[in-house]
Amino acid sequence: AIKRLSPELIVVGSFDQIIPDDIISIPRFGVINVHPSLLPKYRGATPTAWVLLNGEEETGVTVHFIEDSNIDSGRIIAQARLNINHSDNDGILRYRLAVLSEDVLLDAINMILTTDKTRFTTQNEAEATYYPKRTLNDAEIDPRKTFKEIANRIKAMTPYPGAFILCGDNRYVVKSAELIEDKGLFNAPQMGEGYLLLDTLEGPVKFYTL
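Parameters and conventions
In this convention, every chain numbers its residues from 1, walking through the sequence in written order. The predicted origin of the model limits local features to residues at a pLDDT of at least 70 and limits the giving and counting of side-chain atom pairs to 80 or more, whereas totals for whole chains, interfaces and linings rest on all residues. As a rule here, side-chain values come from all non-hydrogen atoms in the structure, and water together with hydrogens is ignored. In these notes, a set of buried Ala, Val, Leu, Ile, Met, Phe, Trp, Tyr and Cys residues joined through side-chain atoms within 4.5 Å is what counts as a nonpolar core. To sort residues, take the accessible area from a 1.4 Å probe on protein chains only and compare it with the maximum for the residue type: under 20% means buried, over 50% means exposed, and anything in between is partly exposed. Throughout, a residue-residue contact means that at least one pair of heavy atoms, one from each residue, lies within 4.5 Å. We define a salt bridge as a contact between a side-chain nitrogen of Lys or Arg and a carboxyl oxygen of Asp or Glu at a distance within 4 Å. The secondary structure listing takes helices from DSSP runs of H or I that are at least 4 residues long and strands from runs of E that are at least 2 residues long, numbered from the N terminus. A strand pair is defined by DSSP finding two or more bridges across the two strands. Any pair of N or O atoms that falls within 3.5 Å is considered a polar contact. Within protein, one atom must be able to donate a hydrogen and the other to accept it, and sequence-neighbouring residues count only if both atoms are side-chain atoms. Nonpolar side chains (Val, Leu, Ile, Met, Phe, Trp, Tyr) are joined into patches within 5 Å and like charges within 9 Å, using only residues with over 30% relative accessible area and no salt bridge. All accessible-area figures derive from a Shrake-Rupley calculation using a 1.4 Å probe, and residue coverage is judged against the displayed protein chains alone. The length a helix should cover is 1.5 Å for every residue beyond the first.

Novice: Describe the nonpolar core, naming the residues involved and giving the relevant values.
Specialist: A general trend in soluble globular proteins is that nonpolar side chains are found buried together. Counting 39 residues, the largest nonpolar core has Val-63, Ile-77, Leu-93, Ile-141, Ile-165, Leu-196 and Phe-207 as its most contacted members. Sequence-distant contacts of Leu-93, that is, excluding residues within four places in its chain, are made with Thr-48, Val-51, Leu-52, Thr-59, Leu-82, Ile-84 and Asp-88. Formed by six residues, the second largest nonpolar core is a distinct cluster that contains Ile-10, Ile-19, Val-31 and Ile-66.

If you want it as structure tokens, here you go:
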């Protein structure tokens, strides 16, 4: 079907399959991918979640060629940086990167039409990092971690699949959390309407639940 369409360029975004060589070879100007990270760092399926989990201060959008079956490894055509805001969660960050990608993709297409492919920058494999697809197991909050790590996990898993914490036999989906300064108020897990108070590595934390 793609051969019959005879496209001059194929643009890929958020596609979860590896594109084979017999498709890569069809378009005159190649196959390009819009990836929501600053390649070669954060290759893989869900980079926004991992940059938030790791507490990064910036990320960005990269448009690159798909040249073979190696994931997110082709020559870089265009790239733009984006500061990560304190209020960003995965949903907000994805949206901001999507808006940014409009201009980056337009620039990339214009460059492809006027520049020989060999002139684009190859990625430095020594700087490459790869992260797997986020799973539900990654959404579990560990109260033995620091508050910063807990807060980063909540951001990275909001709105999907939703960070959660286990207390007894119950599982609570958490939308935000607050470190309680007055540790004298805490002596055991406490539950109220819309919150759960638990002890953590740095003291009691109030988890606001859905």
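Novice: Describe the pattern of salt bridges, with residues and values.
Specialist: All chains considered together, the criterion is met by nine salt bridges. Here Glu-125 ties to Arg-43 by a salt bridge, and the two come within 2.8 Å at their closest N and O atoms. Of this pair, Glu-125 sits in the loop between helix H4 (90-114) and helix H5 (147-156) while Arg-43 is found in the loop between strand S2 (31-35) and helix H3 (47-53), placing the two residues 82 residues apart along the sequence. According to the relative accessible area criterion, Glu-125 is partly exposed, its value standing at 48%.

Novice: Please provide a residue-by-residue account of the pairing of strand S9 (residues 203-209), values included.
Specialist: Within S9, five of the seven residues are buried, which leaves it mostly tucked inside the rest of the structure. Here six bridges tie strand S8 (residues 195-200) to S9, and the two strands are oriented antiparallel to one another. Bridge pairing links Thr-200 to Gly-203 in S9. The loop that links S8 with its antiparallel partner S9 comprises two residues.

Novice: Explain the side chain of Asn-89 to me, using residue names and the numbers behind them.
Specialist: Tracing the chain through its elements places Asn-89 in the loop between strand S4 (76-83) and H4. Judged by relative accessible area, which is 17%, Asn-89 ranks as buried. Within the structure, Asn-89 has its side chain in polar contact with the backbone nitrogen of Gly-91 (distance 3.0 Å).

Novice: Give me the lowdown on a nonpolar patch on the surface, citing residues and values where you can.
Specialist: There is a patch of nonpolar side chains on the surface, built from Ile-18, Ile-71 and Tyr-130 and spanning about 320 Å² of accessible area. Positionally, Ile-71 belongs in the loop between strand S3 (58-66) and S4.

Novice: So what's going on with H4? Which residues, and what values?
Specialist: Taking 1.5 Å of rise per residue, 25 residues should cover 36 Å, and H4 covers 35 Å from first to last C-alpha, within 8% of that figure. Residues Asp-90, Leu-93, Leu-97, Ser-101, Val-104, Ala-108 and Ile-112 constitute the buried set of H4. Summarising the contacts, the buried residues of H4 are in contact with S2, H3, S3, S4 and H5. Structurally, the start of H4 carries an N-cap: the backbone nitrogen of Gly-91 is 3.0 Å from a side-chain oxygen of Asn-89.

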